[in-house]
Amino acid sequence: MTLHKDLLDILACPVCKGKLVLLPASDGLLCEACALVYPIKDEIPVMLTDEAAPLAKWTGSKPA
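Fair warning: this is a prediction, and the values are worked out from it, not measured in the lab. (Residues numbered from 1 in each chain as written. Predicted model: local features only at pLDDT ≥ 70, side-chain atom pairs only at ≥ 80, totals over all residues. Heavy atoms only, no water.)

J.: Tell me about the environment of Trp 58, and please be specific about residues and values.
T.: Structurally, Trp 58 is set in the segment after strand S5 (53-54). Residue classification places Trp 58 among the buried positions, given a relative accessible area of 12%. Sequence separation between Trp 58 and Tyr 38 is 20 residues, and the spatial gap between their C-alpha atoms is 9.5 Å. Discounting residues that sit within four places of it in the chain, Trp 58 has contacts with Leu 23, Asp 27, Gly 28, Val 37, Pro 39 and Ala 53. (Helix = DSSP H or I, 4+ residues; strand = E, 2+ residues; numbered from the N terminus. Buried < 20%, exposed > 50% of the residue type's maximum accessible area, 1.4 Å probe, protein only. Contact = heavy atoms within 4.5 Å.)

See below:
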């Protein structure tokens, strides 16, 4: 199951308040402006800055 589009529309990056993009495997949300990925665990986005990974160090799926 993937995140509902309505939820994606209201979520924003906690750092810059920018738009988030769902990664192809639905395992993270990418803020392109900050180059941070917020993980999705058990279908729940973890929107804590301490849990975010820099895109270069993200081990999950990559942006399309």
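J.: Describe in detail the pattern of salt bridges, supporting the description with residues and values.
T.: Inspection of the entire model under this criterion finds 2 salt bridges. Between Lys 5 and Asp 9 there is a salt bridge; the shortest N-O distance is 3.1 Å. Placement of the pair is Lys 5 and Asp 9 together in helix H1 (residues 5-10), with a separation of 4 residues, close to one helical turn. Under the relative-accessibility criterion, Lys 5 is labelled exposed at 56%. (Salt bridge = Lys/Arg side-chain N within 4 Å of Asp/Glu carboxyl O.)

J.: Report on the pairing of strand S3 (residues 36-41), specifying residues and quantitative values.
T.: The buried count for S3 comes to 5 of 6 residues, which makes it a mostly enclosed element. Where strand S2 (residues 28-31) meets S3, 4 bridges bridge the pair, whose relative direction is antiparallel. Residue pairing for S3: Leu 30 is matched across the bridge by Val 37. The antiparallel pairing of S2 with S3 creates a hairpin that spans 4 residues between the two strands, and Ala 35 there sits at a positive phi of about 55 degrees. Direction of pairing for S3 relative to S5: antiparallel, over a ladder of 2 bridges. (Pairing = 2+ DSSP bridges.)

J.: Could you give an account of the environment of Glu 51, naming the residues involved and the relevant values?
T.: On the secondary structure map, Glu 51 appears in the loop between strand S4 (44-45) and S5. Along the backbone, Glu 51 and Leu 7 are 44 residues apart, and their C-alpha atoms lie at a distance of 19 Å. At 3.4 Å, the side chain of Glu 51 forms a polar contact with the side chain of Lys 41. (Polar contact = N/O pair within 3.5 Å; in protein donor to acceptor, adjacent residues only side chain to side chain.)

J.: Talk me through the pairing of S2; I want residue IDs and the actual numbers.
T.: What you see with S2 is no split at all: Gly 28 and Leu 30 on one side and Leu 29 and Cys 31 on the other are buried throughout. Between strand S1 (residues 21-22) and the antiparallel strand that follows it, S2, lie 5 residues; Ser 26 among them carries a positive phi value of about 55 degrees.

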